[in-house]
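This is what each chain is made of:
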Amino acid sequence: MSADTTKPARVSPPEPTSADSASAAGERSLRPLIGVLTAMAVSLTGTRVSAIALPWFVLATTGSATMTGVVAFVELAPYVLVKAFTGPVVDRLGPRVVSWTTDAVSAVAAGLVPLLHVLGLLPFWLLLVMVAVIGAARGPGDLAKEVMVAEAADRGRIPMERATGLAGVTERLATTIGPAVGGGLIALLGPMAGLTVNAVAFALGSLVIAVALPRGMGRQSAGAPRASGPATAPTGSGGAVEAPVEDGDPPVGYWRMFREGFTFLRGEPLLLTVIVTVAVTNLLDAAFMTVLVPVWAQETGGGPAAIGLTGSAWGIAAVAGSLIAAAVAHRLPRRTVFFVGFLLVGAPRFLVLAMDAPMGVVIAVFVVSGFGGGFLNPILGAVQFERVPRHLLGRVNALGDSLAWAGIPMGGLLAGAAVSMVGLVPVLLACGGLYIATTALSGLRPEWREMDRNRGRAPVAASDASSAPEQNLPGPTVPLPG
């Protein structure tokens, strides 16, 4: 999409909702943020339970690390692909509608897996189909919830780093509770019990979004994509975006909306650098969680209980890190905290498993790693929300997340094949070394200096860019829950 500055767009804001009117009148509501975080907590917990139950089910029934990697690939490849192309859909329909409908689809697909297994009607190819459907539905659902965090923070007048920090706490709590529940359920009742919990969690998440969130939630995004002509706006490091315009104009087409997100992202060197770095580390993390940890647990005799114990230790520490990040991260230097967190969260986990260390040492390393990891997502989320205009969030987040997740489907597949060829320890050492190299080389890039430059400021909307200065995010803060 090329920017045309000779024909300015006619701009009018979307029709205000009751929530918007309340916000304009100075009223503050925490209901949207509580609703989004609750839905995230429920659905992510179910997903984390499934992340243990499904690989263990495949590993126990096939005895093949390669097949375990194939199942992980079949779930995550549709997740990434569908998510990449649903950004315009989220922006047009609104994230609330997309979230509850896709969670409902995931609930049905996840519920069919244990049901068909009990009936003896679940061949391996059909399991792959069900897993692919779950992955394809999860992508838009996760994207929609991410997009709503920014609007929920605005409605609650909460600093963006605090809102993203609370979202990080929610994710880490799910990472803590999920493995513990999953490991216990598998040990007592078998892996199908974990998959049943996943289906129930998706259904509850859909219900929370549909019932608890205000109906106006997400209309800021859904009302944007109408245009009669493009208008450019300097945002972040120079991405050009198109302005929303009057309701009488025809809606912007899907591919034009898609190009708007791509053009904006291409003009953001910091976001691109973040995406490339996270893409490599996500591939390594996927290999670690979907194949390397289950194989380590099987070879050492720890079984699913060891997977749950290490995952819970990591998650508890990550919750602590996320809580601290939510409270004080907006006062800390982002770049330093970010790379120290990456140093702790990455290579130590791989190396300690390769050393065949006692379980106590493994748990200690996972605790330190989780604490460092708790600081990453609050910083990344705040940077993204500060640099991307609200009406482009769906498109830009979809593309950014999909590129960052592009290596995840290959992580389990490559790790399974590598373990089958050379064994577990060489693969753990190679992955740990690659993790260190990626973060060290990435840290030398100059774009990281931009992390603190737009701190605490909302992105300039296209309709206001020519006349309005950057606005600080609403100031009052709220106590952390619990």
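Conventions adopted
Residues numbered from 1 in each chain as written. Predicted model: local features only at pLDDT ≥ 70, side-chain atom pairs only at ≥ 80, totals over all residues. Heavy atoms only, no water. Helix = DSSP H or I, 4+ residues; strand = E, 2+ residues; numbered from the N terminus. Contact = heavy atoms within 4.5 Å. Areas by Shrake-Rupley, 256 points an atom, 1.4 Å probe, with all protein chains shown as cover. pLDDT = per-residue confidence, 0-100. 1 Å grid on protein atoms, 1.4 Å probe; cavity = no way out; pocket = protein on both sides within 12 Å on 5 of 7 lines; lining within 4 Å. Points joined across faces, edges and corners; volume = space filled by probe spheres on them. Buried < 20%, exposed > 50% of the residue type's maximum accessible area, 1.4 Å probe, protein only. Polar contact = N/O pair within 3.5 Å; in protein donor to acceptor, adjacent residues only side chain to side chain. Phe/Tyr/Trp six-rings, centres within 6.5 Å; stacked < 30°, edge-to-face > 60°. Lys NZ or Arg CZ within 6 Å of the ring centre and 35° of its normal. Core = buried A, V, L, I, M, F, W, Y, C linked by side-chain atoms within 4.5 Å. Salt bridge = Lys/Arg side-chain N within 4 Å of Asp/Glu carboxyl O.

Trainee: Tell me what's going on with the overall build of the protein chain, and back it up with residues and numbers.
Mentor: For the protein chain, the helix and strand inventory stands at 19 helices and 0 strands. Considering only intrachain contacts with a sequence separation of at least 6, the fraction spanning at least 24 residues in the protein chain is 87%. A total accessible area of about 18700 Å² is found for the protein chain, and carbon and sulfur atoms account for 69% of it.

Trainee: Go over the confidence of the model for the protein chain with me, naming the residues and quoting the values.
Mentor: Confidence along the protein chain averages 76 in pLDDT terms, with 80% of residues attaining 70 or more. Looking over the protein chain, one finds the lowest element-wise mean pLDDT in helix α1 (residues 18–24), namely 40, and the highest in helix α14 (residues 347–354), namely 92. Scored below 50 in pLDDT, residues 1–26 shows 43 contacts in the model against residues more than four places distant or in partner chains.

Trainee: Which residues make up empty space enclosed by the protein, and what are the values?
Mentor: Within this structure, the stated rule accounts for 5 cavities of 30 Å³ or more. As for the second largest cavity, its lining consists of Ser 50, Leu 54, Glu 75, Ala 110, Val 113, Leu 127, Val 131, Ile 134, Leu 195 and Asn 198. Elements that contribute at least two residues to the lining of the second largest cavity include exactly α2 (31–62), α5 (95–118), α6 (124–156) and α8 (191–212). When residues in the lining of the second largest cavity are grouped by element, the largest group, 3 residues, is from α6.

Trainee: How would you summarise unusual backbone geometry if you had to cite specific residues and measurements?
Mentor: Here the phi dihedral of Arg 157 falls at roughly 55°; this positive angle occurs in a residue that is not glycine. With respect to the helices and strands, the residue Arg 157 is situated in the loop between α6 and α7 (160–189). Look at Arg 157 and you get partly exposed, because its relative accessible area is 22%. Within the chain, Asp 356 stands out as a residue other than glycine whose phi angle is a positive 55°. With respect to the element layout, Asp 356 can be found in the loop between α14 and α15 (359–373).

Trainee: Describe the side chain of Glu 75, naming the residues involved and giving the relevant values.
Mentor: By secondary structure assignment, the location of Glu 75 is in helix α3 (residues 65–85). For Glu 75, the contacting residues outside a window of four places in its chain are Leu 54, Val 131, Ile 134, Gly 135 and Arg 138.

Trainee: Pulling in residues and values, what's your account of the side chain of Thr 47?
Mentor: Tracing the backbone shows Thr 47 in helix α2. Within the structure, Thr 47 has its side chain in polar contact with the backbone oxygen of Ser 43 (distance 3.0 Å). Thr 47 has contacts with Arg 138, Asn 198 and Phe 202, leaving out every residue within four places of it along the chain.

Trainee: So what about the packing of aromatic side chains? Which residues, and what values?
Mentor: Note on aromatic pairs: each is described by the distance of the centres and the angle between the planes. The full count for this structure, using the stated rule, is 11 aromatic pairs. Aromatic pair Tyr 79 and Trp 405: ring centres 4.5 Å apart, planes at 20°, arrangement stacked. A residue pair is termed long-range when its members are at least 10 positions apart, and Tyr 79 in helix α3 and Trp 405 in the loop between α17 (393–404) and α18 (408–422) qualify at 326 residues. You can call Tyr 79 buried: its relative accessible area is 1%. Of note, Lys 83 hangs over the ring of Trp 405, and the distance from its end group to the ring centre comes to 5.6 Å. The ring of Phe 288 has Arg 349 lying over it, and the distance from NZ or CZ to the ring centre is 4.8 Å.

Trainee: Now, about the nonpolar core: what can you tell me, with residues and values included?
Mentor: Residues Leu 292, Phe 338 and Leu 353 are the most contacted members of the largest nonpolar core, which totals 104 residues. With 14 residues, the top contributor of residues to this core is helix α11 (residues 269–300). Excluding residues that lie within four positions of it along the chain, Phe 338 makes contacts with Leu 376, Ile 379, Leu 380, Trp 448 and Met 451. Membership of the second largest hydrophobic core comes to 6 residues, among which are Ala 109, Ala 110, Ala 199 and Phe 202.

Trainee: Requested: an account of the pattern of salt bridges, with residues and values cited.
Mentor: Evaluation of the coordinates by the stated rule reveals 9 salt bridges. For Glu 75, the salt bridge identified is with Arg 138, shortest N-O distance 3.0 Å. Linking Glu 75 in helix α3 with Arg 138 in helix α6, this pair joins segments that are 63 residues apart in sequence. Its relative accessible area of 8% is what places Arg 138 among the buried residues. Salt-bridge contacts for Arg 387 lead to Glu 268; the nearest nitrogen and oxygen are separated by 2.8 Å. Of this pair, Arg 387 sits in helix α16 (residues 376–387) while Glu 268 sits in the loop between α10 (254–266) and α11; the two residues are 119 residues apart in sequence, bridging distant segments of the chain. The exposure classification of Arg 387 matches that of Glu 268, with both residues buried.

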